[in-house]
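Structure assessment
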Amino acid sequence: MKIGIIGAGNIGGNLTRRLTALGHDVSVANSRGPETLKELAEETGATAVRVEEAARGAEVVVVTIPLKAIPKLPSGVLAGAAQDVAVIDTGNYYPQQRDGRIAAIEDDGLTESRWTEQHLGHPVIKAFNGTYAQDLLDRPRPAGAADRMALPVAGDDAAAKAKVRALIDELGFDTVDAGGIDDSWRQQPDTPVYGLQAGTDAVTKALGEASPERPAGFRG
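Residues numbered from 1 in each chain as written. Predicted model: local features only at pLDDT ≥ 70, side-chain atom pairs only at ≥ 80, totals over all residues. Heavy atoms only, no water.

Considerations on the overall build of the protein chain
Rules: Helix numbers and strand numbers start at the N terminus; a helix is a DSSP run of H or I with at least 4 residues, a strand a run of E with at least 2. We take the radius of gyration over the C-alpha atoms and set the globule estimate at 2.2 Å times the residue count to the 0.38 power. The buried label applies to any residue whose accessible area, calculated with a 1.4 Å probe on protein chains only, is under 20% of its type's maximum; exposed applies above 50%, and partly exposed to all values in between.
For the protein chain, the count of helices and strands is 8 helices and 8 strands. Taken against the 2.2 N^0.38 rule, which gives 17 Å for 220 residues, the C-alpha radius of gyration of the protein chain at 16 Å falls within 12% of a compact globule. Overall, the protein chain is about 45 × 40 × 30 Å in size when its C-alpha atoms are taken along their principal axes. Scored against the burial criterion, the 220 residues of the protein chain give a buried share of 51%.

Listed below in structure tokens is the structure:
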């Protein structure tokens, strides 16, 4: 499958490593240009491209950049992607630590991924946002393994969600359907499921224990 990754930090870099190892055709981009991704490209066999080129022909696009950088993405960044492209949003809102205050999230009550979706102009599937990057390398397990981790996945597009869940299964993790994007507050930072390294039952329980009230540490 052709996959585009926008962002080559910890999550983006390790997804590039895993997805190329599984045989996918990966294009990876960052804000500093493809020449800065030479080592990652040589290590993995991925193609380093400009951000504007990352989505071309892609069946899946992973957007894994700081939330404050989302509005700075080039217009039409998803242009040229496959018609049924699934867009994965791995982002989190860190108002005090990184992103500054975003009124639409805090005052209007948008979930972080709904805000991202509106800027991208395309539905997103929220996944990997509470996953430790190193777990992508260290924690894959075969289906049915007792210690296989589960990841929550939220989104409104059933077909795109199914595609993302199948890809996560291929990566070696179970998934739990966390509802639509308006429900994705259940997996935002400082919720019980955020960073949880556990199986399906525990992840399902943690999603149910989440509070819609934004924690003080994650308000601007």
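Focus: helix α8 (residues 200-208)
The condition is simple: Picture the helix axis, draw a direction to every C-beta atom, and the arc is the one those directions span. Residues count as neighbours in contact if any of their non-hydrogen atoms are within 4.5 Å of one another.
All of the buried residues along α8 are Val203, Ala206 and Leu207. Taken end-on, α8 shows its buried residues confined to a sector of 100°, consistent with a single buried face. Summarising the geometry of α8, the exposed residues directed more than 90 degrees from the buried face are Asp201, Lys205 and Gly208. As for α8, its buried residues are in contact with β7 (150-155) and β8 (174-177).

Quick word on unusual backbone geometry
Positioned with a positive phi, Phe128 is a non-glycine residue whose angle comes to about 70°. By the secondary structure assignment, Phe128 is in the loop between β6 (125-126) and α6 (133-138). Looking at Phe128, the relative accessible area reads 4%, which means it is buried. For Asp190, which is not glycine, the phi dihedral falls at a positive 75°. Note that Asp190 resides in the loop between β8 and α8. By relative accessible area, Asp190 is classed as exposed at 52%.

Digging into the pattern of salt bridges
If the charged atoms of two oppositely charged side chains come close together, the side chains can form a pair. Defined as follows: What counts as a salt bridge is simple: a side-chain nitrogen of Lys or Arg found within 4 Å of a carboxyl oxygen of Asp or Glu.
Counted under the stated rule, the structure contains 18 salt bridges. With a shortest N-O distance of 3.3 Å, Arg50 and Glu52 are connected by a salt bridge. Overall, the relative accessible area of 40% leaves Arg50 in the partly exposed class. Residues Arg148 and Asp174 are paired through a salt bridge, measuring 2.6 Å at the closest nitrogen-oxygen approach. Of the two residues, Arg148 is situated in the loop between α6 and β7 and Asp174 in strand β8; the sequence distance between them amounts to 26 residues.

Notes on the environment of Val193
Its location among the elements puts Val193 in the loop between β8 and α8. In sequence terms Val193 and Glu53 are 140 residues apart; their C-alpha atoms lie 34 Å from each other. Excluding its chain neighbours within four sequence positions, the residues that come into contact with Val193 are Pro152, Arg186, Gln187, Val203, Ala206 and Leu207.

Thoughts on the side chain of Arg214
Which entries qualify depends on this criterion: N or O atoms within 3.5 Å of each other form a polar contact, as long as, within protein, one can give a hydrogen and the other can take it, and as long as residues adjacent in sequence are counted only when both atoms are side-chain atoms.
With respect to the helices and strands, the residue Arg214 is situated in the segment after α8. Using a relative accessible area of 17% as the deciding quantity, one classes Arg214 as buried. Within the structure, Arg214 has its side chain in polar contact with the backbone oxygen of Phe218 (distance 3.4 Å). Apart from residues lying up to four places away in sequence, Arg214 is in contact with Tyr93, Ile105, Glu106, Glu112, Gln188 and Arg219.

Observations concerning the packing of aromatic side chains
Stated formally: Note on aromatic contacts: the rings of Phe and Tyr and the six-membered ring of Trp form a pair at centre separations within 6.5 Å, being stacked when their planes are under 30 degrees apart, edge-to-face when over 60 apart, and tilted otherwise.
What the rule picks out here adds up to 1 aromatic pair. When the centroid spacing of 6.0 Å and the interplanar angle of 45° are considered together, the rings of Tyr94 and Phe218 count as tilted. Taken as a pair, Tyr94 in the loop between β5 (86-89) and α3 (95-99) and Phe218 in the segment after α8 lie far apart in primary sequence, 124 residues in all. Classification of Tyr94 as buried rests on a relative accessible area of 18%. Among the residues examined, Phe218 registers a relative accessible area of 13% and is labelled buried.

What about the nonpolar core?
Across soluble globular proteins, nonpolar side chains show a tendency to be buried alongside one another. What counts here: Among buried residues, those of type Ala, Val, Leu, Ile, Met, Phe, Trp, Tyr and Cys that are joined through side-chain atoms within 4.5 Å constitute a nonpolar core.
Judged by nonpolar contacts, the single largest core of 28 residues is most densely connected at Ile5, Leu15, Leu19, Phe128, Val164 and Ile168. Phe128 has contacts with Ile11, Leu15, Ile88, Thr90, Leu136, Leu151, Ile168 and Leu171, leaving out every residue within four places of it along the chain. In this structure, Ile6, Val51, Leu73 and Leu120 belong to the second largest nonpolar core, which totals 25 residues.

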